[in-house]
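Chains, contacts and geometry: an overview
The chain contents come next:
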Amino acid sequence: MEKYTIAIIDEEQVQRDQFEFVFSKLFNVVQIDSYESTDSLIALIKSENIDAVAIDYRLTEHHSTFKKNGDFLFKEIRKYLFEFPVFILTRSAIEVKHI
């Protein structure tokens, strides 16, 4: 049976590696550490045949190249790919109550 492909978007390499370690037996994992624009991210999702995306909520920490947090990216992806599965990862549920 063919595996689904899930992308992880996080500014920290160690977090992307941990995600891949945990999920690689069930999914093909694509790590994303940056993107040029929303259009380029949507193109990457399509070209890599990604079936779902997991996004770190706090993308702007740790000397990140990301300019916005995960909630912004969540909304941008859903704007272009309306029913596409997107998940936000966070250590604090309080942060995402406003999404």
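Cut-offs and rules
Residues numbered from 1 in each chain as written. Predicted model: local features only at pLDDT ≥ 70, side-chain atom pairs only at ≥ 80, totals over all residues. Heavy atoms only, no water. Core = buried A, V, L, I, M, F, W, Y, C linked by side-chain atoms within 4.5 Å. Buried < 20%, exposed > 50% of the residue type's maximum accessible area, 1.4 Å probe, protein only. Contact = heavy atoms within 4.5 Å. Pairing = 2+ DSSP bridges. Helix = DSSP H or I, 4+ residues; strand = E, 2+ residues; numbered from the N terminus. Right-handed = clockwise from strand over helix to strand, strands pointing away. Axes fitted to C-alpha atoms, helices over the stretch in contact; angles between N-to-C directions. Phe/Tyr/Trp six-rings, centres within 6.5 Å; stacked < 30°, edge-to-face > 60°.

Let's shift gears to the nonpolar core. Ile9, Ile45, Val53, Ile55, Ile77 and Phe84 are the most contacted members of the largest nonpolar core, which has 17 residues in total. Isoleucine 45 has contacts with Ile50, Val53, Ile77, Leu81 and Phe84, leaving out every residue within four places of it along the chain. Ile6, Ile8, Val29 and Ala52 belong to the second-largest nonpolar core, a separate cluster that totals 6 residues.

Across 6 bridges, the pairing between strand E1 (residues 4-9) and strand E2 (residues 27-32) is parallel. Considered in E2, the bridge of alanine 7 is made with valine 30. In this fold, the crossover linking E1 to E2 by way of helix H1 (residues 13-23) has right-handed handedness.

Let's shift gears to the sheet that holds E2. Read from one edge to the other, the open sheet built from 4 strands follows the order E2-E1-E3-E4, with strand pairing classed as parallel. Bordering the open sheet on either side are E2 and strand E4 (86-89), each of which pairs with just one other strand. Within this sheet the neighbouring strands show an average axis-to-axis angle of 20°, counted without direction. Sheet topology note: the strand E3 (residues 52-56)/E4 ladder contains 4 bridges and is parallel. Counted as the bridge partner of aspartate 56 is leucine 89 from E4. Contacting E1, E2, E3 and E4, H1 crosses the sheet at an angle of about 175° to E2.

Below, the discussion takes up the packing of aromatic side chains. Per the counting criterion, the structure on display carries 2 aromatic pairs. Seen from their ring centres, phenylalanine 19 and phenylalanine 23 are 4.5 Å apart, and the 40° between their planes marks the pair as tilted. Of the two residues, phenylalanine 19 and phenylalanine 23 both sit in helix H1, 4 residues apart, roughly one turn of that helix. You can call phenylalanine 19 buried: its relative accessible area is 9%. Given a relative accessible area of 29%, phenylalanine 23 falls into the partly exposed group. Both rings, one in phenylalanine 23 and one in phenylalanine 27, keep their centres 6.2 Å apart while their planes meet at 55°; by these two values the pair is tilted. Each member of the aromatic cluster is reached from another via a ring pair, and the members are Phe19, Phe23 and Phe27.

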